[in-house]
Each structure stands twice: as structure tokens, then as C-alpha cells.
Amino acid sequence: MSRSLEFVDRLVVAVATNVSKQPLFSADERVELIRAALNDRDRIEVRQFSGLLVDFARDVKAKLLIRGLRAVSDFEYEYQMALMNRHLSSGLETVFMVPSLDTTYISASLVREVARFGGEIGDLVHPSVAAALHEKYGARSKRG
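On a predicted model such as this, the values are computed, not experimentally measured, just so you know. Every residue gets a number counted from 1 within its own chain, in the order that chain's sequence is written. The predicted origin of the model limits local features to residues at a pLDDT of at least 70 and limits the giving and counting of side-chain atom pairs to 80 or more, whereas totals for whole chains, interfaces and linings rest on all residues. As a rule here, side-chain values cover all heavy atoms of the structure and leave hydrogens and water aside.

**Q** Can you break down the overall build of the protein chain residue by residue, with the values?
**A** Looking only at helices and strands, the protein chain has five helices and four strands in total. Where helices and strands are cited, they refer to DSSP runs of H or I of at least four residues and of E of at least two residues respectively, numbered from the N terminus. In the protein chain, the succession of α and β elements from N to C terminus is β-α-β-α-β-α-β-α-α. Reported as C-alpha extents along the three principal axes, the dimensions of the protein chain are approximately 55 × 35 × 30 Å. Accessible surface is estimated by sampling points in the Shrake-Rupley manner with a 1.4 Å probe; for residues, cover comes only from the protein chains shown. Carbon together with sulfur atoms contributes 54% to the accessible area of the protein chain, which is approximately 10,000 Å² in total.

**Q** Hey, could you go over the pairing of strand β2 (residues 44-49) for me, with residue numbers and the actual values?
**A** Inspection of the sheet shows strand β1 (residues 11-16) paired to β2 by six bridges, in the parallel sense. By the bridge assignment for β2, Ala-16 is matched with Phe-49. The handedness of the β1 to β2 crossover, carried by helix α1 (residues 27-38), is right-handed. When DSSP finds at least two bridges between two strands, those strands are taken to pair. Clockwise travel from the first strand over the helix to the second, with the strands pointing away from the viewer, marks a crossover as right-handed.

**Q** Describe the packing of aromatic side chains, naming the residues involved and giving the relevant values.
**A** Stacked, edge-to-face and tilted labels apply to pairs of Phe, Tyr and Trp rings (six-membered ring for Trp) whose centres lie within 6.5 Å, assigned for plane angles under 30 degrees, over 60, and everything in between, in that order. Summed over the entire model, instances satisfying the criterion amount to three aromatic pairs. Seen from their ring centres, Phe-49 and Phe-56 are 4.8 Å apart, and the 20° between their planes marks the pair as stacked. Across this residue pair, the class does not change: Phe-49 and Phe-56 are buried. An aromatic cluster of at least three residues, connected via ring pairs, comprises Phe-75, Tyr-79 and Phe-96. Any residue under 20% of the maximum accessible area for its type is buried, any over 50% is exposed, and the rest in between are partly exposed; the area is computed with a 1.4 Å probe on protein chains only.

**Q** Please set out a nonpolar patch on the surface residue by residue, giving values where relevant.
**A** Patch building starts from residues that exceed 30% relative accessible area and form no salt bridge, then joins like charges within 9 Å and nonpolar side chains (Val, Leu, Ile, Met, Phe, Trp, Tyr) within 5 Å. Salt bridge criterion: a side-chain nitrogen from Lys or Arg within 4 Å of a carboxyl oxygen from Asp or Glu. A contiguous nonpolar patch, built from Leu-52, Met-84 and Leu-88 and spanning about 270 Å² of accessible area, is present on the exposed surface. Tracing the sequence through the fold places Met-84 in helix α3 (residues 72-88).

**Q** Break down helix α5 (residues 127-137) for me, with residues and values.
**A** Of the positions making up α5, those classed as buried are Val-129, Ala-130, Ala-132, Leu-133 and Tyr-137. Angularly, the buried residues of α5 cover 165° about the axis, an arc narrow enough to put them on a single face. Across α5 from its buried face, at more than 90 degrees, point the exposed residues Pro-127 and Glu-135. In the segment just after α5, Gly-138 is the residue with positive phi, at about 45°. Throughout, the arc means the angular range of directions from the helix axis out to the C-beta atoms.

Listed below in C-alpha cells is the structure:
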């Protein structure tokens with residue numbers, strides 16, 4: 001998120017309520033975890049939404065969507081989404097950012113899997129996220 005601030009005056013982190021997924025944390029929990037990780041940083045607002053991203057962007061007066069691409073395999077889906085968003089809202093642009101080399105291999109599903117089996121995740125996520133993951137998995141987090 002810090003790198004994104006180099007391109008915008010204000011950054012709104014949009015936390016989606018996706019009815020087709022069953023996330024480990026609720027949207028409210030994800031918002032709180034992101035806020036804790038940001039430590040009330042200036043110029044960053046964290047908000048949740050449901051429905052179309054273009055409608056949310058319109059509500060917060062966003063002109064630019066910044067999307068992260070972790071791997072080439074992410075590109076096709078993100079490209080289709082960018083084209084659909086442009087179709088639905090012609091004034092909304094999408095910019096893709098690649099991760100830093102030291103975080104390219106990190107994905108939420110991998111972090112959850114490591115946490116589920118009691119592996120060390122402290123160097124992969126913010127301490128509040130690590131604590132929340134360990135709390136969610138509780139007794140199930142035992143290493144073989």
C-alpha cells in the first residue's frame with residue numbers, strides 16, 4: 001500500500017463482501033485487521049463494500065483502481081475484470097502493480113495453510129494478522 005501512495009493523494013482500501021466465497025475472516029474482521037496493520041496511516045481509508053466495484057469507486061469518487069499481480073496466472077482474470085470495469089464505468093482506469101521480489105511467493109492461501117498446521121508466519125504477515133490466524137485455528141495448529 002505504501003507504494004500505491006506514490007501515485008495517489010488518497011488511497012481507499014476496498015474490502016469486498018464476495019457472496020461466492022467463504023473467507024476465513026468476515027469483512028468486518030478483515031477491515032479491522034487491515035486497519036491494525038496500517039496503524040492509522042494518513043491518506044489511507046479502509047472500507048468494505050458489496051456489489052460492483054465500479055459503484056463503490058463512484059461512491060468514493062475514485063478514478064483509479066490499483067490491482068496487484070502476484071504471478072502471470074493472475075493477469076488474465078485481472079485483465080478481464082479491468083475491461084469489464086472500463087465497460088461499466090468509462091472514466092475508471094485500472095493500473096497493475098507487481099509485488100516486491102521478497103513477497104512474490106506469498107499468497108493468502110499459503111499463509112492460511114502454514115498457520116493451520118502451526119508453522120511460523122510472523123515474518124509473512126503483520127503481527128495482528130498472525131495472532132488472528134492462530135486464534136482462528138486454535139488447537140488445530142499443531143505441527144506433526
